[in-house]
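Residues per chain are reported as follows:
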Amino acid sequence: MKELKYTILVVEDEPLISEMVMKSLKLEGYTVVVAQTGDDGLSKAKEIKPDLVLLDVLLPKLDGWEILTRLRDDPRCKDIPIIMLTALTDEKSKVQGLRGGADDYVTKPFSALELMARVEAVLKRADRPAHGGSTQSQVPVRKGDKIYLIDMDDINFIDVHRDCTYLHTDDDHFLAGNTMMEFEKILDSRKFFRAHRGYIVNLRKIKEIVKVGASSFELTMNDPEHRKIPMSRRQTSELKKLLNI
Ligand code: CA
């Protein structure tokens, strides 16, 4: 899977973390460059134009958000995939990152395994031919013996029944060839949210979050049927932050 040699820039001031990250990346065959301050990270990003940046939020000199903004403002660097390394308690991080254009987030403390999975997913997504973006815009689905291409923006939600994945739009539903995990990789993480093990929802198609028990919540979708989608409490608070409500 890794015939391609990718260069990854790690901007992280905590030596233990940057060392762990660097070792794991190197084991996977990536070329790694490390920066320990924000300004060094920014200049290295501009100089080597890495295939991916792992960007800590709290850094000396320039913080991660500032670096993210400056890279996105630079035409030569605006398409470099960026994974933010955020602190567990940093509730604002995800929303701020969504606005700033980060590609993904890993919350500290993270395992090497988790980080490698995110790195691989983001690199894979960035590899797709794109026009001004890093994700594909249509997904092939089936209805009976016909194949359709559905615009990702038209997806209301995706669910799983008896090991099959179904994609729901305003007026129909289709059998999808992708698994939930594959959808998580190909869908824009700024637009879609894994609300439940069996559901991925389009953030812009959510009508409301409803409390249905002491600690359980569900989503009402803004579709003709007002479909209900179950959620856990943890996912609820994460989603509220995402939606800024
Ligand atoms: Ca830090």
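This report concerns the structure included in the present document. (Residues numbered from 1 in each chain as written. Predicted model: local features only at pLDDT ≥ 70, side-chain atom pairs only at ≥ 80, totals over all residues. Heavy atoms only, no water.)

Some details on the sheet that holds strand S14 (residues 217-221)
Backbone-to-backbone hydrogen bonds pair the strands of a sheet. The strands run either parallel or antiparallel. With antiparallel pairing, the three strands of this open sheet are ordered in space as S13-S14-S15. Each edge of the sheet is formed by a strand with only one pairing partner; in this case those strands are strand S13 (206-211) and strand S15 (228-231). If you compare each strand with its neighbour and ignore which way they point, the axes differ by 25° on average. Where S13 lies against S14, five bridges are found, and the strand directions are antiparallel. (Pairing = 2+ DSSP bridges. Helix = DSSP H or I, 4+ residues; strand = E, 2+ residues; numbered from the N terminus. Axes fitted to C-alpha atoms, helices over the stretch in contact; angles between N-to-C directions.)

Quick word on the coordination of the calcium ion
Taken together, Asp 13 (OD), Glu 14 (OE), Asp 56 (OD) and Leu 58 (O) make up the protein donors of the calcium ion, found 2.1 to 2.6 Å from the metal. What makes Asp 13 partly exposed here is its relative accessible area of 26%. (Donors = N, O, S within 2.8 Å, 3.2 Å for Na, K, Ca; no water. Buried < 20%, exposed > 50% of the residue type's maximum accessible area, 1.4 Å probe, protein only.)

Notes on the sheet that holds strand S11 (residues 192-196)
The strand order S7-S6-S10-S9-S8-S12-S11 describes an open sheet built from seven strands, whose pairing is antiparallel. Only two strands of the sheet have a single partner each, and these edge strands are strand S7 (146-151) and S11. Taken pair by pair, the neighbouring strands of this sheet meet at an average axis angle of 40°, ignoring direction. When strand S8 (residues 157-161) meets strand S9 (residues 164-168), the two strands line up antiparallel, connected through five bridges. Across the sheet, Ile 158 pairs through a bridge with Leu 167, a residue of S9.

Concerning the packing of aromatic side chains
Summed over all chains, the structure comprises three aromatic pairs. Note on Phe 157 and Tyr 199: the rings are 6.4 Å apart at their centroids and 45° apart in plane angle, and the pair reads as tilted. Of the two residues, Phe 157 is situated in strand S8 and Tyr 199 in strand S12 (residues 199-202); the sequence distance between them amounts to 42 residues. Residue classification places Phe 157 among the buried residues on the basis of a relative accessible area of 1%. (Phe/Tyr/Trp six-rings, centres within 6.5 Å; stacked < 30°, edge-to-face > 60°.)

Structural notes on a negative patch on the surface
A surface patch of like charges, here negative, comprises Asp 151, Asp 154, Asp 170 and Asp 171. Structurally, Asp 170 is set in the loop between S9 and strand S10 (173-176). (Patch = residues over 30% accessible without salt bridge, like charges linked within 9 Å, V, L, I, M, F, W, Y side chains within 5 Å. Areas by Shrake-Rupley, 256 points an atom, 1.4 Å probe, with all protein chains shown as cover. Salt bridge = Lys/Arg side-chain N within 4 Å of Asp/Glu carboxyl O. Lys, Arg positive; Asp, Glu negative; His and termini not counted. Charge placed at Lys NZ, Arg CZ, Asp CG, Glu CD.)

Here's the deal with the pattern of salt bridges
The tally for this structure, following the rule as stated, stands at 18 salt bridges. For the salt bridge of Lys 191 with Asp 153, the shortest nitrogen-to-oxygen distance reads 3.4 Å. You can see Lys 191 sitting in the loop between helix H6 (180-186) and S11 and its partner Asp 153 sitting in the loop between S7 and S8, a full 38 residues away along the chain. Between Asp 159 and Arg 227 there is a salt bridge, and its shortest N-O distance comes to 3.7 Å. In this pair, Asp 159 is assigned in strand S8 and Arg 227 in the loop between S14 and S15, connecting sequence segments 68 residues apart. A relative accessible area of 1% places Asp 159 in the buried class.

Quick word on the pairing of strand S1 (residues 7-11)
In terms of burial, S1 is largely enclosed, as four of its five residues are buried. Sheet topology note: the S1/strand S2 (residues 31-35) ladder contains five bridges and is parallel. Among the inter-strand pairings, Val 10 is bridged to a residue of S2, identified as Val 34. Of the crossover connections in this fold, the one passing from S1 over helix H1 (residues 15-27) to the parallel S2 is right-handed. Strand direction decides the pairing type here: S1 and strand S3 (residues 52-56), joined by four bridges, are parallel. In the sheet register, Leu 9 faces S3, and the bridge partner there is Val 53. (Right-handed = clockwise from strand over helix to strand, strands pointing away.)

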